[in-house]
Amino acid sequence: QHAVATIITASHQPVRLDDLIAQYDALGPDLRRGGPQDSWWSNFRREMGSLVEVHPADRPSANPEARFSRAQQRLATGDVDRALAETMRLPGASRAADWIEKARRYVAAHRALDEVESAALLTGLNPPR
């Protein structure tokens, strides 16, 4: 029943994937640089650190450009949950509160739809007697 309520709530303010992608692309510069709370030294170190980065081959880069790029790729394939996780690790995540809220609503609505679909399939496989 919680899933149904989530779906109904989401239908009042629907979030479309293409809107999330467009808004994310527009937020790109703000996401990749530090927030207003960062000192000039933190921002300078981040910029210098983005010039050369050494990391194990089996681990993805923590560089803001690479994170942003991965998040864009995830969005392009509809993987909003993982794009959101990458976004939360970006230095400018605090500047994307509106996008983050919409992405969370999108993820919640799709999880609820999956839950309802699974319940319907299980009921179809095991009809009540």
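Residues numbered from 1 in each chain as written. Predicted model: local features only at pLDDT ≥ 70, side-chain atom pairs only at ≥ 80, totals over all residues. Heavy atoms only, no water.

Novice: Could you clarify how one ought to interpret the overall build of the protein in this entry?
Specialist: Tallying secondary structure elements over the protein gives 6 helices and 0 strands in all. Helices and strands in the protein line up, N terminus first, as α-α-α-α-α-α. For the protein, the proportion of its 129 residues judged to be buried stands at 28%. Look at the contacts in the protein between residues 6 or more apart in sequence, and 67% of them connect residues 24 or more apart. When the accessible surface of the protein is summed, it comes to about 8700 Å², and 56% of that surface belongs to carbon and sulfur atoms. (Helix = DSSP H or I, 4+ residues; strand = E, 2+ residues; numbered from the N terminus. Buried < 20%, exposed > 50% of the residue type's maximum accessible area, 1.4 Å probe, protein only. Contact = heavy atoms within 4.5 Å. Areas by Shrake-Rupley, 256 points an atom, 1.4 Å probe, with all protein chains shown as cover.)

Novice: When you look at the pattern of salt bridges in this model, what are you seeing that I'm missing?
Specialist: Charged atoms that come close allow side chains of opposite charge to pair. Within this structure, the stated rule accounts for 11 salt bridges. With its nearest N and O atoms 2.4 Å apart, the salt bridge here joins Arg-16 to Asp-18. The partner of Arg-16 in a salt bridge is Asp-19, and the shortest N-O contact between them spans 4.0 Å. Using a relative accessible area of 44% as the deciding quantity, one classes Asp-19 as partly exposed. By sharing partners, the salt bridges in this structure join Arg-16, Asp-18 and Asp-19 into a single network. (Salt bridge = Lys/Arg side-chain N within 4 Å of Asp/Glu carboxyl O.)

Novice: What is the right way to look at the confidence of the model for the protein in this model?
Specialist: Reading predicted coordinates in detail is not appropriate for stretches of low pLDDT. Taken as a whole, the protein shows an average pLDDT of 82; of its residues, 74% reach a score of 70 or greater. Mean pLDDT across the elements of the protein bottoms out in helix α3 (residues 40-49) (54) and peaks in helix α5 (residues 80-88) (96). (pLDDT = per-residue confidence, 0-100.)

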